[in-house]
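Reading the structure
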Amino acid sequence: MQTTTAENRNDFFKSKVLGHPSGLFVLFFTEMWERFSYYGMRALLVLFFSASVLDSGWGWPKEHALAIFGTYTALVYLSTMLGGYFADKVIGIRWAVVVGALLMTMGHACMALETSFFIYLGLVLLVFGSGFFKPNMTSIVSEMYKDFPEKKDGAYTIFYMGVNAGAFFGIMLCGYLGEKIGWSWGFGVAGIFMLFGLLQFWFAQGIFGNIGLKPVKATAEEKAAAAADTNLEGGKLNPFTSFHMVLIVLCIGLGLAWILNDPVNKISEGTTNLFDFKVAGIDGSNLVILTGLVLFLILLIVRIARYDKILKDRMIAIVFFAIITMIFWSIFEQAPGSLTLFAKDYTQRILEGTSGTIFKIVNSLITVGPLAIITWVLFKLFGQTFDKYKLSNLILGTSFLIIWGIAIWMVVNEYKSTSYNVQYKNANGVVNNGKVVSSESYKNNEEVAIIDVESTSFYTAKENATIANNALVDKENNYIGDVFSGKIINIVDKEKPGAFGTMVSYAEVEFTTTAGATIKREIRLAKGEKAGLKVGDAKDILVTHNIKYDNNQTSPTKAIITSKEAATEINASWFNILNSLFIITLAPLFSKWWSSRYNPSANNKYAIGMLFLGIGMAFVAVGAASIPAGSKSASVSMMWLVFVYLFHTMAELCVSPVALSYVSKLVPGRMIAVMFGVWYLAVAIGNKLAGIFGEVSESVAGEKGYSYFFWMLTGVSLAASLLAFVLGPIVKKLMHGVR
């Protein structure tokens with residue numbers, strides 16, 4: 001355990017910023033840069049994996065990208081248990097933070113290299129780095145305020161402003177660099193600012209006194225006394241038996257094996273599968289995870305049954321909250337997955353004229369305003385700590401000079417942004433009209449290089465689409481792509497990018513274009529599709545186009561500018577910043593609500609949160625109603641996504657902060673660490689389910705449309721909300737007076 005004298009703790013308040021110890025703001029900026037790097041990279045991950053090879057991505061099916069994303073985010077939360085253990089038992093909190101930050105810096109650097117080996121190595125380093133860093137920063141805050149409980153709420157409010165500020169700027173700037181300039185820029189900048197966070201923490205750590213140093217182990221006598229103490233809160237200690245430990249090992253082994261095997265199996269197209277078997281008709285993978293869940297339930301029941309009546313009831317209440325939390329995160333975390341892909345492919349992100357100008361002004365204000373406020377806080381910290389921690393402050397100051405430079409460059413670049421209507425002849429010989437956005441200045445009739453990202457597939461006739469002169473249009477006469485009659489001339493196997501030698505099948509097809517030219521293209525075949533095809537088969541071929549401005553101006557595809565207008569193109573990851581923006585805006589209002597006489601009970605907060613979550617999903621379900629099943633692109637209003645993030649943020653404010661608060665209230669202090677571990681397990685499962693739901697979205701959208709998928713998530717959210725309301729009186733009774 002760690003001891004800190006009262007005198008040491010009072011010393012913290014001798015150097016204050018905004019009424020709090022200067023050390024809190026060292027943690028504020030360290031956490032801000034860590035969240036900057038984590039959310040900045042996370043916003044790009046699915047987009048990178050699913051972007052076409054022409055767009056410098058790996059060209060994976062969206063389902064595969066979402067599978068690895070779900071596993072990555074789940075492991076991030078699971079690794080916190082490992083990091084927490086090492087911090088408490090082996091290296092101490094402070095070293096755990098340093099090790100975590102260093103691993104994450106290395107992870108981002110690896111990802112910036114963009115090769116298969118380094119992308120996967122980077123993800124591994126980021127998982128372990130987050131595990132060491134994430135749980136231990138808040139532990140330092142807790143220790144600093146151990147003798148000042150009346151100030152702790154204010155301290156955590158400031159600290160979580162740093163969390164949201166980092167997430168906000170990370171998504172905004174890394175997302176902009178990654179999507180507009182290149183993926184390596186987004187990944188690399190995330191790593192650079194993680195390094196800044198690490199260095200400023202390392203060189204200012206003396207400000208924390210004895211907090212977080214290597215733990216002092218309890219003696220054998222102290223352990224024996226604790227075990228024999230029958231006056232402990234919640235009754236005497238309930239040590240884990242050998243049977244319990246066996247169950248724990250089995251649950252961990254089966255759970256980790258399933259989480260890791262899921263994306264590996266999908267990315268390898270089924271060639272690598274740990275559970276390639278069936279038992280009584282049940283798929284091996286499903287059997288393993290069901291077995292793991294059953295064993296975990298047995299462990300939970302056996303453990304809870306051994307406690308006294310009050311603690312037993314309270315732990316049952318925690319289990320109920322954990323289940324709702326798991327459902328919440330499985331839907332809320334569609335944001336960096338299916339919702340980001342929806343923003344990329346189905347949302348009108350080019351804003352022209354007045355709407356474009358308004359967006360540029362708003363985007364400038366929400367970029368420069370918060371950054372100016374945080375810079376003001378930085379100068380306040382300089383005033384208190386510069387003499388004693390010069391190097392740390394110089395590093396922190398340098399990081400802000402760079403972030404200001406990137407932010408100003410982005411804002412200026414956006415004000416120069418123009419939408420160009422262009423006419424071009426695509427690779428199929430068809431003359432098309434399109435739109436590209438660039439901050440470079442061109443005149444009408446000038447020639448520019450564009451990237452024509454083609455998507456080729458077999459075409460099946462649809463009731464709501466017609467073909468005229470090879471052009472496929474929907475019922476509103478919107479151009480979808482070109483359809484040609486062709487045939488299969490070869491079927492070949494090729495290595496899949498980023499899949500370590502996995503081979504996938506392609507059908508080489510040949511068709512004659514509208515202009516009379518004979519063209520050859522490749523169509524990626526789904527698993528098992530190859531068996532039903534043969535060379536010579538006649539097929540209708542659909543070719544869709546997604547054009548974008550070529551930043552390097554080296555593409556062989558040229559376009560002529562026909563007209564132009566001031567505009568902006570919002571990058572797909574931008575919508576994720578709305579969560580942090582709304583949290584900063586709405587958190588004070590919700591805090592006032594919680595402190596008023598209208599403060600809802602715990603289960604009602606969950607119910608209200610799930611209701612908000614359902615309303616948010618209902619907005620995007622309505623917005624997606626006009627998108628036909630199987631469509632590859634659309635242009636629905638961005639306001640549907642704005643409303644999604646507004647209501648989902650309100651849902652988060654009802655569920656997320658409240659969750660950990662009730663866990664700490666419902667169990668004795670000696671059990672908090674274990675129960676937080678169980679809680680992070682629920683969050684991890686929720687994140688993995690989010691990836692699975694995202695995978696399902698693609699098949700559902702193909703058959704019934706995106707709207708149907710979002711209505712499904714709406715239904716789940718509203719059902720969970722209703723369940724929480726109905727079970728309210730029972731849960732309140734189980735809590736035995738905890739408010």
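Keep in mind that this is a model prediction, so the values were computed, not measured.

Let's shift gears to the overall build of the chain. For the chain, the helix and strand inventory stands at 20 helices and 15 strands. Since a compact globule built from 739 residues should have a radius of gyration of about 27 Å, the 27 Å found for the chain is in line with a globular shape. Relative to its full complement of 739 residues, the chain shows a buried share of 53%. Sequence-distant contacts in the chain: of pairs separated by 6 or more residues, those separated by 24 or more amount to 78%. For the chain, the exposed surface amounts to about 32200 Å²; the carbon and sulfur share of it is 63%. Here the chain holds 60 positive side-chain charges and 52 negative ones, and the gap between their average locations is 8 Å.

With that settled, the discussion passes to the pattern of salt bridges. One pass over the full model with this rule turns up 16 salt bridges. Of the charged contacts, one joins K688 and D262 as a salt bridge, the two residues approaching to 2.7 Å between their closest N and O atoms. Of this pair, K688 sits in helix α18 (residues 672-703) while D262 sits in helix α9 (residues 242-267), and the two are 426 residues apart along the sequence. Two residues, D493 and K530, come together in a salt bridge whose shortest N-O distance is 3.4 Å.

In an α-helix there are 3.6 residues to a turn, and that puts residues three or four apart on one side. An ideal rise of 1.5 Å per residue puts 44 Å on 30 residues; helix α3 (residues 62-91) measures up with 40 Å between its terminal C-alpha atoms. For α3, the principal kink sits at Y77 and spans about 25°. For α3, the tally of buried residues reaches 21 of 30 residues, placing the bulk of the element in the interior. Directly after α3, the chain includes G92, whose backbone phi takes a positive value near 90°.

Now for unusual backbone geometry. Glycine aside, residues mostly have negative phi angles, and peptide bonds mostly take the trans form. Positive phi is not limited to glycine here, since E114 has a value of about 65°. With respect to the element layout, E114 can be found in the loop between α4 (93-113) and α5 (116-144). Located in the positive-phi region is Q553, a residue other than glycine, with phi close to 55°. Residue placement: Q553 occurs in the loop between β14 (538-549) and β15 (558-569). What makes Q553 partly exposed here is its relative accessible area of 28%.

Glancing now at the nonpolar core. Among the nonpolar cores identified, the biggest contains 186 residues, and F29, F49, F342, F400, W574 and F710 are the most heavily contacted of them. Here this core gets 19 residues from one element, more than from any other, and that element is helix α2 (residues 22-50). Those residues within four positions of F400 in sequence are excluded, and the remaining contacts are F29, M32, W33, L371, I374, T375 and L378. By size, the runner-up hydrophobic cluster in this structure holds 13 residues, among which are F511, I519, I541 and V543.

Now for the packing of helix α7 (residues 183-202) against helix α14 (residues 390-415). Viewed as axis vectors pointing N to C, α7 and α14 meet at an angle of 155°, and their least axial separation amounts to 8 Å. The angle between the axes of α7 and α14 places the two elements in the roughly antiparallel class. Along this stretch, α7 crosses α14, giving a crossing that reads as left-handed. Contacts between α7 and α14 involve V189, F193, F196, L199 and Q200 from the former and S392, I395, L396, T398, S399, I402, I403 and I406 from the latter. In terms of residue class, the contact of α7 with α14 is made up of 9 nonpolar, 4 polar and no charged.

Once that is clear, we can look at a nonpolar patch on the surface. Among the surface-exposed residues, W95, W202, F203 and L391 lie close enough to one another that they form a single nonpolar patch of about 400 Å² accessible area. Within the secondary structure layout, W95 lies in helix α4.

Relative to the 38 Å expected for 26 residues at 1.5 Å per residue, α9 spans 38 Å between its end C-alpha atoms, a close match to the ideal helical length. Its axis deflected by about 30° at N261, α9 carries its strongest bend there, up to four residues before the proline P263. Within α9, the full set of buried residues consists of H244, L247, C251, G255, W258, I259, N261, D262, P263 and I267. Of the residues trailing α9, E269 is marked for its positive phi of about 60°.

So, on to the state of the cysteines. For the structure on display, the rule yields 0 disulfides. Cysteine C174 shares no disulfide, and the gap to the nearest cysteine sulfur, in C110, comes to 16 Å.

Taken as a whole, this structure holds 51 aromatic pairs when the rule is applied. The side chain of K494 reaches across the aromatic face of Y506, ending 5.9 Å from its centre. When the ring centre of W60 is taken as reference, the NZ or CZ atom of K496 above it lies at 5.4 Å.

A few words on the confidence of the model for the chain. On average, the chain scores 87 in pLDDT, and the residues at 70 or more come to 94%. A low-confidence stretch, residues 1-7 (pLDDT under 50), is modelled with 13 contacts involving residues beyond four sequence positions or located in other chains.

Once that is clear, we can look at the pairing of strand β13 (residues 518-524). Alternating positions in β13 separate cleanly, I519, R521 and I523 being buried on one face and T518, K520, E522 and R524 remaining unburied on the opposite face. Relative to β13, strand β12 (residues 503-512) runs antiparallel, the two being bridged by 7 bridges. By the bridge assignment for β13, T512 is matched with T518.

A few words on the environment of L472. Position of L472 among the secondary structure elements: in strand β10 (residues 471-474). Under the relative-accessibility criterion, L472 is labelled buried at 3%. Separated by 258 residues in sequence, L472 and K214 place their C-alpha atoms 68 Å apart. Ignoring anything within four residues of it in the chain, the contact list for L472 reads Y459, A465, T466, I467, N478, Y479, I480, G481, V483 and L542.

Parameters and conventions
Residues numbered from 1 in each chain as written. Predicted model: local features only at pLDDT ≥ 70, side-chain atom pairs only at ≥ 80, totals over all residues. Heavy atoms only, no water. Helix = DSSP H or I, 4+ residues; strand = E, 2+ residues; numbered from the N terminus. Rg over C-alpha atoms; globule rule 2.2 N^0.38 Å. Buried < 20%, exposed > 50% of the residue type's maximum accessible area, 1.4 Å probe, protein only. Contact = heavy atoms within 4.5 Å. Areas by Shrake-Rupley, 256 points an atom, 1.4 Å probe, with all protein chains shown as cover. Lys, Arg positive; Asp, Glu negative; His and termini not counted. Charge placed at Lys NZ, Arg CZ, Asp CG, Glu CD. Salt bridge = Lys/Arg side-chain N within 4 Å of Asp/Glu carboxyl O. Expected span 1.5 Å × (residues − 1). Bend = angle between axes of the 7 residues up to and from the residue. Core = buried A, V, L, I, M, F, W, Y, C linked by side-chain atoms within 4.5 Å. Axes fitted to C-alpha atoms, helices over the stretch in contact; angles between N-to-C directions. Parallel < 35°, antiparallel > 145°, perpendicular 65-115°, else oblique. Left-handed = near helix turned anticlockwise from the far one by under 90°. Nonpolar A, V, L, I, M, F, W, Y, C, P; charged D, E, K, R; others polar. Patch = residues over 30% accessible without salt bridge, like charges linked within 9 Å, V, L, I, M, F, W, Y side chains within 5 Å. Disulfide = S-S within 2.5 Å. Phe/Tyr/Trp six-rings, centres within 6.5 Å; stacked < 30°, edge-to-face > 60°. Lys NZ or Arg CZ within 6 Å of the ring centre and 35° of its normal. pLDDT = per-residue confidence, 0-100. Pairing = 2+ DSSP bridges.

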